[in-house]
Amino acid sequence: MTRSQFIGGQLVSGGSTQSIDVFDPATGQPIGEVNAASSDDIDVAVAAAAQAFERGEWQERNIHDRANTLWQFAERIAQHAPELAELEVRDNGMPLELAKAMIESGVSAVRYYAGMATKLHGLATDLSGPGREIHAYTRPEPVGVVASITPWNAPFATLLAKIAPALAAGCSIVCKPAEQTPLTATRLGALLQEWKLFPEGQINIVNGLGTVAGAALAVHPHVDKITFTGSTAVGRKLIEASAGNLKRLTLELGGKSPLFICADADLNKAIPTAAFAIFMNSGQVCIAGSRLYVQRGIYDQVVEGVARAGAAMRLGHGLDPQTQMGPLVSDQQMRRVLSYVESGISEGAELIGSGGRRCGDEGYFVSPAVFANRDGADLRIVREEIFGPVLVAMPFDDVDEIPLLANATDYGLGAGVFTENVSTAHRVAKRIRSGNVWINCYSVLDNTMPFGGVKQSGWGRESGAEGLSAFLETKSVYTML
């Protein structure tokens with residue numbers, strides 16, 4: 001078993017003798033194993049991060065030097081992009097082209113925050129009055145030791161998207177990748193040891209179970225902030241666990257995002273986009289457009305079109321260049337998704353297409369499932385996040401219904417509207433309670449734009465300037481002259 005914990009600038013095995021098996025989801029076969037960190041290992045990693053922060057070598061570097069180092073970090077990752085993309089495919093199952101795009105997204109995040117490292121500015125004010133001269137100013141300062149807990153659906157891109165702003169702000173970080181997909185994070189640890197770009201302990205990577213390593217990070221008294229991407233259920237547990245030392249939290253959680261197609265929409269764009277919104281990465285996307293609402297006059301045409309697009313998708317191993325949709329990440333996730341398909345059928349929704357397991361008994365493949373819920377019944381597949389290639393389509397009559405239907409959920413991460421009426425588009429975008437709204441497109445993201453949700457889809461924002469501010473505290477300084 002390889003040394004898979006990167007702590008204090010070195011690859012180590014840690015004190016635990018337990019390991020985590022890693023499976024190729026396209027075959028169901030084991031392809032490796034990594035050390036499973038214990039709570040004691042977490043203590044060591046947090047101590048390394050805390051010592052790095054207290055030494056202050058990173059945050060005391062010239063801001064241009066810090067920016068240059070982050071830029072070098074991005075460029076070196078880019079040089080290893082082919083290798084990392086293949087690891088991502090073997091670990092997660094996604095098609096290779098999608099893996100390449102996600103690696104590039106992570107690299108772009110590091111480049112963006114390399115630039116932002118030089119844009120940390122305070123404010124100054126003159127508080128002088130009769131008989132006194134007071135100069136006051138603010139200082140943006142790093143929050144301290146950060147714990148990053150990342151998901152299995154976009155492992156490497158999410159990891160980099162959390163490391164980059166933390167380091168740009170001057171924080172040190174302990175990263176715990178999802179136990180299902182540890183390979184790219186483990187490889188990054190080996191590369192970091194080789195590159196020696198950052199002070200020892202500035203970045204630490206620990207593989208382990210969420211119930212052990214993740215839980216230990218959540219309650220650790222020397223962790224100042226948690227940045228988490230994952231399920232709403234785990235997000236609630238992190239809120240409770242963080243109460244001990246009032247950790248700062250950024251939570252990017254679940255979603256049940258609606259996509260509306262109005263009668264005046266360009267269906268040549270809307271139909272393939274609706275299919276992309278739910279079937280990309282096998283539906284394992286927090287902003288997946290899993291609730292499709294279609295204006296009644298074009299309902300049958302749109303639903304049949306999306307179902308045909310799903311049925312035509314080629315399922316297979318992500319390294320096969322002809323593959324359009326890979327497997328689900330694990331046997332557990334496959335069984336969860338199949339249970340929702342069964343639930344939709346038993347509750348009376350009409351399944352268009354197969355929506356079952358494919359490719360025999362090998363791998364964790366589930367074919368795209370499109371349900372027609374013509375009467376708009378309140379089904380489980382309408383209410384609950386499935387995180388798989390399962391779409392439920394419902395009709396609506398008037399555009400004034402859109403905000404009401406969109407907001408009829410505990411979530412608020414994404415929403416899409418297809419219409420040629422600019423007034424309609426902006427009017428409903430204003431009234432939809434969601435962190436992201438797409439008009440005549442879906443799932444367009446950029447590192448310059450904040451990303452996050454409302455209601456039970458999370459706290460705070462990632463990406464953009466807001467994503468950097470989440471790792472900063474503001475200090476006020478008063479000087480009597």
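Check the entry above for the structure.
A quick note: this is a predicted structure, and the numbers were derived from the prediction, not measured. (Residues numbered from 1 in each chain as written. Predicted model: local features only at pLDDT ≥ 70, side-chain atom pairs only at ≥ 80, totals over all residues. Heavy atoms only, no water.)

K.L.:
An account of the nonpolar core is needed here, citing residue identities and associated values.
P.N.:
If you look at the biggest cluster of nonpolar residues, it comprises 92 residues, and the most contacted ones within it are Phe73, Leu188, Ile261, Leu292 and Val306. In terms of residues, this core owes the most to one element, helix α5 (residues 155-169), which gives 10 residues. Among residues more than four places away in sequence, those in contact with Leu188 are Phe73, Phe156, Leu159, Leu160, Ile163, Trp195 and Ile205. Ranked by size, the runner-up nonpolar core spans 29 residues in total, among them Ala349, Ala369, Val399 and Val417. (Core = buried A, V, L, I, M, F, W, Y, C linked by side-chain atoms within 4.5 Å. Buried < 20%, exposed > 50% of the residue type's maximum accessible area, 1.4 Å probe, protein only. Helix = DSSP H or I, 4+ residues; strand = E, 2+ residues; numbered from the N terminus. Contact = heavy atoms within 4.5 Å.)

K.L.:
Just give me the short version of the pattern of salt bridges, but keep the residues and values in it.
P.N.:
Applying the stated criterion across every chain, the model contains 20 salt bridges. The partner of Glu179 in a salt bridge is Lys176, with the nearest N and O atoms 3.4 Å apart. You can call Glu179 partly exposed: its relative accessible area is 23%. With its nearest N and O atoms 3.2 Å apart, the salt bridge here joins Arg380 to Glu384. Residue Glu384 is classed as partly exposed on the basis of its relative accessible area, which comes to 25%. Through salt bridges with shared partners, one network takes in Asp378, Arg380, Arg383 and Glu384. (Salt bridge = Lys/Arg side-chain N within 4 Å of Asp/Glu carboxyl O.)

K.L.:
Mind laying out the packing of aromatic side chains, listing which residues take part and the relevant values?
P.N.:
A complete count under the given rule lists eight aromatic pairs for this structure. A ring pair is formed by Phe260 and Tyr293, whose centres lie 4.9 Å apart and whose planes are at 15°; its orientation type is stacked. One end of the pair, Phe260, is in strand β12 (residues 258-261); the other, Tyr293, is in strand β13 (residues 291-295), with 33 residues separating them in the sequence. The exposure classification of Phe260 matches that of Tyr293, with both residues buried. Here the aromatic rings of Trp438 and Tyr442 are separated by 4.7 Å at their centres, their planes lie at 45°, and the arrangement is tilted. Considered together, Trp438 and Tyr442 belong to a single accessibility category, that of buried residues. In this structure an aromatic cluster arises from ring pairing among Trp58, Phe73, Trp195 and Phe198. Residue placement shows Arg111 over the ring face of Trp71; its charged tip is 5.8 Å from the ring centre. Positioned above the aromatic ring of Phe471 is the side chain of Lys225, whose terminal nitrogen or guanidinium carbon lies 5.2 Å from the ring centre. (Phe/Tyr/Trp six-rings, centres within 6.5 Å; stacked < 30°, edge-to-face > 60°. Lys NZ or Arg CZ within 6 Å of the ring centre and 35° of its normal.)

K.L.:
Lay out helix α11 (residues 331-346) in plain terms, naming residues and giving numbers.
P.N.:
Between its first and last C-alpha atoms α11 spans 22 Å; for 16 residues at 1.5 Å apiece the expected length is 22 Å, and the two agree. Within α11, burial applies to Gln333, Met334, Val337, Leu338, Tyr340, Val341, Ser343 and Gly344. On its buried side, α11 packs onto β14 (350-352), β15 (369-372), α12 (380-383) and β16 (390-396). Gly348 occupies a position one or two residues after α11 and carries a positive phi of about 105°. (Expected span 1.5 Å × (residues − 1).)

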